[in-house]
Amino acid sequence: DALRIGTEIADALDRAHRAGVVHRDLKPGNVMLTRSGAKLMDFGLARATGMTGAANGSGVTLAALTQSPTVAQPLTAEGTIVGTFQYMSPEQLEGKEADERSDIWALGCVLYEMSTGRRAFEGKSQASLITSIMGSEPVPISQVSPMTPPALDRLVGACLAKDAADRIQSAHDVKLQITWIAEGGSQAGVPKPVAHKRKNRERLAWGIAAAAIVAALAFVATRPRPVATPPVHAFLQPPPGVLFSSSTDRPLPLAISPDGSTIAFCARDGEGPDVLWVRSLGAEDARPLPGTQAAQGPFFSPDGRSLGFFADRKLRRIDVAGGPVVDLADKLDPRGGTWNEDGVILLTANSSGPVSMVTADGGPMTVATALDSARGENTHRYPHFLPDGRHFLYLARRSGAGKGESPTIFVGELGTSERTPVLEVASNVMYASGHLVYVRGTVLVAQRFDPSTLEVEGPAVPLIDNVRMDERFSRGVFAVSANGVLVCMTGNNQTRTQLRWLDRAGRPLGDVGEPADYTYGGTPNISPDGRSAVLAIANRDRGTSDVWIVDLASGRRRKLTVDTADHPHGSWLPDGKSVAVTTNDSGNGGLDVLSIDGTRSRRVLVTPDFTWPMTASGDVLLYSPESQAGAFTSDILSISISRGGEPQPFALSEADEFLAQFSPDGRFVAYTSTESGRFEVIVAAYPQPGGRWQVSQSGGVEPRWNRNGRELFYMDNDNYLVSVEVEVTATGFQIGATQRLFQFHGSSGFWRYDVAPDGSRFLVTVPLEEDLVAPVTIITDWTRKTGAR
């Protein structure tokens, strides 16, 4: 794929150069992958070199490439820097004139990044990045990705020569060389013990990478292991047009079968919903499993024939071959699951609470572990069965702010309250091939472990750096099979999100501020005057979140919460001068009301629960509680903003009810309910009792009102934003025409969007695609590094 896409980019660049245009800002963000091939986009910084028409038979004119104004030579004014720093050539950084060879440099950077999953030049600051570009050489591709053809290493090195005169001089030559490499002109640089088992058929594609893994495993089983030989790495991409799920998904987005033959992963096609995909390592057969929309956290059955996963706040099961989806448990906010040969599934049912247990056929859910309040524990998460199917690993820690003992991995045993501490680390842990595998910092490590004594042995050995690790949830994105095939995702430790305006057709109208690590992917809430929004941003150093106010005109942010407590959510109050925020500090939760000018702060509700403020009208605030005991109650309660007092129920039933929104006149509340057996949008009169109306007919979540009171929006099961005409009548509430506006995936959160006061545009949070394109890394024979036999 990298060679094919590289050829197409080089061809596009060649056509631009022949038309007399230098791009000057070639980077991954300006390459669009379409069904017909890669397209080179955004010639906004391009400049003409003097030619005004088609050149050398390219058939491309400057007008066809860009509508931006162009100027004659020189391309770059002396001392002026334009472009994106990570892909800028040394001469551009010096403010010198840029020509076609500057684009060749950027093309080399893009080829390097496609082949390795990391940038050629990095720096913690702009100054250190420039120093790296001007004075250092990137790590050879073959060291990062051993299966890379050596000729590609040399080609990229020639594109990244510091002196423009030493570089390859034309994009046409780059295209020809990549084509030659793709046609087999360079034997891939696989470690020799694997290469001699293959038949000289190296291609950078899913099937051949899988063949390398199978060959490596076969070789390991039959030959002595030379300690100097590194583990085999391969990189697997999702099918064309498909993106891996955001790493903000709290359960793991990928799994590998016990025999190491099949990978399951969560991904989406375009703007559609996340679904569960499966792919055999021995064949190119990646396919989605119907009925798995909104899937998270897959895990395999012991025989590898079935998958457990979480979706719509339920634990579900499906056969790998496809078929009906079976519901096993509901009302969940999960943190991982595991399945043993006796048909027992362990899961962390909620963000706070113990490990629970249910059978693979469903039935009542029971508790499998007990929290130790003396240690400050309020969450046990990421259970993982050991080979005997009776003992299991899990992480014990405090969720949110507050003091407690160090996060610790314990081994528990089914049917008893006994447990054994194993090691102190804030990470999910899995067992394979006599080792525990976990993350320290951003390094995936392996440490020898004896299941019979439940003791670790020797030091932790690093396997791979820059593994995705969500510190807030103590969860690294990796999985390992029983026979030691390891899969992981690398890159940014958290999928960043961008605030963006969309019009009613889904077209982008502009970004708001810089990307940020918005908590839960972001839940934008626009102020009553339409000038600001509140969102929570994660503080990874503390493992908490703070509520921030974003100016929608300038994009500037300022922090509203200034203490050390955890504030993962905020909601505007009707006066536009204060915000209700979720607060949790040392196990004491509740709702705080904060003045936006910082002059007032008061506690409205004190509770051991997490409380999620949703909407307010007059003096009434609606919120949903989350019990620290582990049950997300999915009810809607009301409380007086000014007086506090005892909360009153608004929607309280066996169904899930949450995401409430007052109508502009305060007479109705729209919310999401599962009373019909699936998520639907309901409108109910306020106060109760009163009429109730089901708005969505085939599934719906995240209702928002147009402030004119005559339109209601929600997201349907296919990720379409839906508009519904509504009218208040003498007899109550009337539902009118329904229209799908546009499809939009966005980021996970309570709401993915909010509506501007005039109803003409939507404020959304979208994950940065560059954080989603990192491939899945597969590592085999990693036990050589630990010295295991």
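Scroll up for the structure.
Residues numbered from 1 in each chain as written. Predicted model: local features only at pLDDT ≥ 70, side-chain atom pairs only at ≥ 80, totals over all residues. Heavy atoms only, no water.

Student: In this structure, what is going on with the overall build of the chain? I would like to understand it.
Tutor: Counting secondary structure elements, the chain contains 10 helices and 55 strands. Burial analysis of the chain (789 residues in total) assigns 57% to the buried set. The contacts in the chain between residues at least 6 apart in sequence include a share of 50% that link residues at least 24 apart. (Helix = DSSP H or I, 4+ residues; strand = E, 2+ residues; numbered from the N terminus. Buried < 20%, exposed > 50% of the residue type's maximum accessible area, 1.4 Å probe, protein only. Contact = heavy atoms within 4.5 Å.)

Student: What's the story with the packing of aromatic side chains in this structure? I'm lost.
Tutor: The way to describe two aromatic rings as a pair is by their centre distance and the angle between their planes. Evaluated as defined, the whole model comprises 21 aromatic pairs. Both rings, one in Phe265 and one in Trp277, keep their centres 6.2 Å apart while their planes meet at 10°; by these two values the pair is stacked. Within this pair, whereas Phe265 is found in strand E8 (residues 262-269), its partner Trp277 is found in strand E9 (residues 275-280), the two being separated by 12 residues in sequence. In terms of burial, Phe265 and Trp277 fall into one category: buried. Summarising the aromatic geometry, the rings of Tyr431 and Phe449 are spaced 6.1 Å apart at their centres and angled 70° between planes, so their arrangement reads as edge-to-face. Of this pair, Tyr431 sits in strand E23 (residues 430-432) while Phe449 sits in strand E25 (residues 443-450); the two residues are 18 residues apart in sequence, bridging distant segments of the chain. Judged by its relative accessible area of 4%, Phe449 falls in the buried class. A connected cluster of aromatic rings, assembled from ring pairs, spans Phe385, Phe392, Tyr394 and Phe410. Geometry around Phe658 places Arg313 over its ring, the cationic atom sitting 5.2 Å from the centre. (Phe/Tyr/Trp six-rings, centres within 6.5 Å; stacked < 30°, edge-to-face > 60°. Lys NZ or Arg CZ within 6 Å of the ring centre and 35° of its normal.)

Student: What is the right way to look at the side chain of Asn706 in this model?
Tutor: Note that Asn706 resides in the loop between strand E49 (701-705) and strand E50 (711-715). In this structure Asn706 comes out as buried when scored by relative accessible area, which is 3%. At 2.8 Å, the side chain of Asn706 forms a polar contact with the side chain of Glu711. Those residues in contact with Asn706 that lie beyond four places of it in its chain are Pro664, Glu711, Phe713, Pro757 and Gly759. (Polar contact = N/O pair within 3.5 Å; in protein donor to acceptor, adjacent residues only side chain to side chain.)

Student: Explain the nonpolar core to me, please; I cannot follow it from the model alone.
Tutor: Note that soluble globular proteins tend to have their nonpolar side chains buried in a common cluster. Core analysis: the biggest nonpolar cluster contains 39 residues, and Leu393, Ile409, Leu436, Phe449, Leu721, Tyr753 and Phe762 have the highest contact counts within it. Once you skip the residues sitting within four places of it in the chain, Tyr753 turns out to touch Pro524, Glu702, Pro703, Arg704, Phe713, Tyr714, Met715, Leu721, Phe762, Leu763 and Val764. If you look at the next biggest cluster of nonpolar residues, it comprises 37 residues, including Leu3, Val31, Ala106 and Ile181. (Core = buried A, V, L, I, M, F, W, Y, C linked by side-chain atoms within 4.5 Å.)

Student: What is the right way to look at the pairing of strand E43 (residues 636-640) in this model?
Tutor: Side-chain positions along a regular strand alternate between the two faces of the sheet. Counting buried residues in E43 gives 5 out of 5 residues, a clear majority hidden from the surface. Of the two faces of E43, both are covered, the one formed by Ile636, Ser638 and Ser640 as well as the one formed by Leu637 and Ile639. With 4 bridges connecting them, strand E42 (residues 620-626) and E43 associate as antiparallel partners. Within the sheet, the bridge partner assigned to Leu622 lies in E43 and is Ser638. Of the strand pairs in this sheet, E43 and strand E44 (residues 644-651) are connected by 4 bridges, and their pairing is antiparallel. Following the sheet pairing, Ser640 is matched in E44 by Gly644. Counting the residues between successive antiparallel strands, the hairpin from E43 to E44 contains 3 residues. (Pairing = 2+ DSSP bridges.)

Student: Just to check I follow, could you spell out the environment of Val31 for this structure?
Tutor: Mapped onto the elements of the fold, Val31 is located in strand E2 (residues 31-34). Separated by 10 residues in sequence, Val31 and Met41 have C-alpha atoms that sit 5.8 Å apart. For Val31, the residues in contact, after removing those within four places along its chain, are Ile9, Leu26, Ala38, Lys39 and Leu40.

Student: Hey, could you run me through unusual backbone geometry in this one?
Tutor: Glycine aside, the phi torsion of most residues is negative, and most peptide linkages are trans. At the junction of Tyr686 and Pro687, the peptide bond is cis and its omega measures out at -5° in the coordinates. On the secondary structure map, Pro687 appears in the loop between strand E47 (680-685) and strand E48 (692-694). Positive phi values are uncommon outside glycine, yet Ala294 reaches one of about 65°. Relative to the helices and strands, Ala294 resides in the loop between strand E10 (287-288) and strand E11 (296-300). Of note, Arg313 is a non-glycine position whose phi angle comes to about 65°, a positive value. You can see Arg313 is positioned in the loop between strand E12 (306-311) and strand E13 (314-319).

Student: Please clarify how the sheet that holds strand E14 (residues 326-329) should be interpreted in this entry.
Tutor: Across a sheet, paired strands are connected by hydrogen bonds in the backbone, their directions being either parallel or antiparallel. Taken together, the 4 strands give an open sheet; going across it, the order is E11-E12-E13-E14, and neighbouring strands pair in antiparallel fashion. Strands with a single pairing partner mark the edges of an open sheet, and in this sheet they are E11 and E14. Strand-to-strand twist of the sheet, defined as the mean angle between neighbouring strand axes without regard to direction, takes the value 30°. With 6 bridges connecting them, E12 and E13 associate as antiparallel partners. (Axes fitted to C-alpha atoms, helices over the stretch in contact; angles between N-to-C directions.)

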